[in-house]
Amino acid sequence: MSIGKASVRDAEVEGRRVLVRADLNVPLEQGPGGAEVGDDTRIRASLPTIRSLLERGASVVLVSHLGRPKGADPELSMAPVAARLGELLGAEVPLAPGVVGDDVEAAAERLQPGQVLLLENSRFEPGETEDDPELAAGLARLAELYVNDAFGAAHRAHATTRGVASLLPSCAGLLLEREVEELTRVRDHPEPPLVVVLGGAKVTDKIGVIERFLGSADEIVIGGAMCFSFFKAEGRDTGESLLDEDSVEAARELLPRAERAKARLHLPEDLVLGREFSAETEVQELNGVDVPEGWMGLDIGFNTAVNYAKLIGAAGTVLWNGPMGAFELEPFAAGTRAVAEAVAAAPGHTVVGGGDSAAAMARFGLAGRVDWLSTGGGASLELLEGAELPGVEALTDA
Ligand code: ADP
Ligand code: MG
């Protein structure tokens with residue numbers, strides 16, 4: 001399947017300088033010698049495009065954002081990323097003295113084929129999030145070709161994702177291309193029956209996905225804190241459960257539509273409750289879904305998990321986004337583990353999106369057992385809803 005955009009596979013890159021927008025927005029931790037990269041999944045996911053360019057005789061100027069700095073905050077410097085990337089590539093990855101400017105241009109011009117330069121955090125420049133044309137022009141001066149491999153940032157119209165793409169010949173990187181292919185396939189051409197499993201805490205971001213799939217999925221399965229928006233809309237007691245008030249209204253509108261839709265909407269029939277969000281809290285299994293005062297729902301119950309696993313096992317395609325409970329806390333991990341195991345064992349095509357869902361697969365040792373593990377949370381949700389991603393749109397058509 002083609003995504004309709006030029007691909008880095010077909011680009012002439014030998015002896016050329018290539019600006020690669022990657023998603024190197026990784027969590028940082030305090031190590032003995034200062035900040036270090038925590039989980040390096042996103043750096044590893046960016047390696048195939050970088051390696052392919054270097055092996056084909058290009059030099060690479062790499063740019064990404066990291067966190068949400070207000071100005072040039074040294075705590076969010078890309079230095080730890082440069083160090084980790086250097087280890088993974090087995091080569092020195094120098095850090096540029098900024099994002100754009102004379103010194104950065106000089107450093108880019110000194111690059112030899114096969115060498116990488118990492119720019120500083122793109123959000124050190126206020127023009128990044130405003131898609132400032134001057135910043136885009138400064139970026140364009142650093143290279144002859146632009147490759148966007150930052151699927152996780154493709155839903156943003158920023159200078160490094162959209163502005164610069166209109167100033168240079170451009171193409172899609174290997175990761176971005178595969179992400180768009182996999183998610184578009186689930187959205188538009190899934191092998192039936194399609195089972196969409198949704199959970200997690202970011203309910204407002206995911207309501208649009210439910211809407212989109214009401215007419216096309218066979219089963220929509222809800223867990224996580226998301227179910228409380230629906231229970232509240234049904235007039236049930238939700239106790240102290242995490243509740244996203246904005247989404248209760250959306251859930252109230254969705255429920256009657258779901259009755260008439262092709263998809264069957266499944267809500268939990270039992271829950272695991274805790275007094276508070278803690279692994280040490282008192283725990284209670286509830287055969288039902290009306291949460292008493294003083295308790296919060298922190299996981300789907302056993303019967304719900306068995307049912308959801310059965311639906312997943314019978315699917316031609318499974319799309320999973322959002323954990324079934326507070327899986328980080330051992331007493332509330334069973335529902336997410338059951339769904340993760342069902343997804344791993346499912347004979348159908350399986351796609352998992354969302355940072356925490358991917359973390360859950362990794363925690364249960366199942367990350368290698370899905371067909372596609374998406375690296376882009378917000379971008380994957382927007383694509384699945386049917387939105388156009390500015391970072392993809394801006395690339396040269398195939
Ligand atoms: P993803 O990153 O996979 O898209 P989200 O970010 O939406 O998922 O949600 C993940 C978070 O949701 C996890 O930290 C988990 O603890 C939390 N969560 C899931 N279910 C519940 C619940 N019932 N109550 C409180 N938090 C929950
Ligand atoms: Mg998350």
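Quantities reported herein were computed from a predicted structural model and do not represent experimental measurements.

How large an interface is tends to be reported as the accessible area lost when its parts come together. Domain boundaries in the protein chain define domain 1 (8-174) and domain 2 (181-385). Taking the mean C-alpha position of each, domain 1 and domain 2 sit 34 Å from one another. Every contact between the two is made by 6 residues of domain 1 and, on the other side, 9 residues of domain 2. For the pair domain 1 and domain 2, the summed buried area comes to about 560 Å², and 69% of that belongs to carbon and sulfur atoms. Contact with domain 2 buries surface across domain 1, with Arg42, Phe151 and His155 losing the most and accounting together for 78% of the total.

Turning to the site of ligand 1, a few remarks are in order. In the vicinity of ligand 1 there are 21 residues, among which Ala201, Lys206, Glu328, Asp356 and Ser357 approach most closely. Taking Lys206, its side chain carries an N or O atom lying 2.9 Å from an oxygen atom of ligand 1. Within the backbone of Ala225, an N or O atom sits 3.3 Å from a nitrogen atom of ligand 1. Contact with the protein chains removes 90% of the 580 Å² of surface that ligand 1 exposes when unbound. Looking at the shell around ligand 1, the elements with two or more residues in it are β13 (296-300) and α12 (355-363). With 3 residues, the top contributor of residues to the shell around ligand 1 is α12. Along the lines of polarity and charge, the residues of the shell around ligand 1 split into 8 nonpolar, 9 polar and 4 charged.

Let us now look at the packing of aromatic side chains. Under the counting rule described, the total for this entry stands at 1 aromatic pair. Look at Phe228 and Phe231: their rings are 6.2 Å apart centre to centre, the planes differ by 65°, and that puts the pair in the edge-to-face class. Here Phe231 and Phe228 lie together in helix α8 (residues 226-233), a separation of 3 residues that amounts to about one turn. Across the pair, Phe231 and Phe228 agree in class, each one buried.

With that settled, consider unusual backbone geometry. Negative phi values dominate among residues other than glycine, just as trans dominates among peptide bonds. Omega for the peptide link from Pro192 to Pro193 comes to -10°, which places this bond in the cis form. Along the polypeptide, Pro193 turns up in the loop between α6 (174-188) and β8 (194-198). For Asp131, which is not glycine, the phi dihedral falls at a positive 50°. Take Asp131: it is sitting in the loop between β5 (116-118) and α4 (133-140). Residue Asp131 is classed as buried on the basis of its relative accessible area of 13%.

Criteria and cut-off values
Residues numbered from 1 in each chain as written. Chains lettered and ligands numbered in written order. Predicted model: local features only at pLDDT ≥ 70, side-chain atom pairs only at ≥ 80, totals over all residues. Heavy atoms only, no water. Domains from an automatic or database assignment. Contact = heavy atoms within 4.5 Å. Buried area = accessible area lost by both parts, 1.4 Å probe. Near = heavy atom within 4 Å. Polar contact = N/O pair within 3.5 Å; in protein donor to acceptor, adjacent residues only side chain to side chain. Areas by Shrake-Rupley, 256 points an atom, 1.4 Å probe, with all protein chains shown as cover. Helix = DSSP H or I, 4+ residues; strand = E, 2+ residues; numbered from the N terminus. Nonpolar A, V, L, I, M, F, W, Y, C, P; charged D, E, K, R; others polar. Phe/Tyr/Trp six-rings, centres within 6.5 Å; stacked < 30°, edge-to-face > 60°. Buried < 20%, exposed > 50% of the residue type's maximum accessible area, 1.4 Å probe, protein only.

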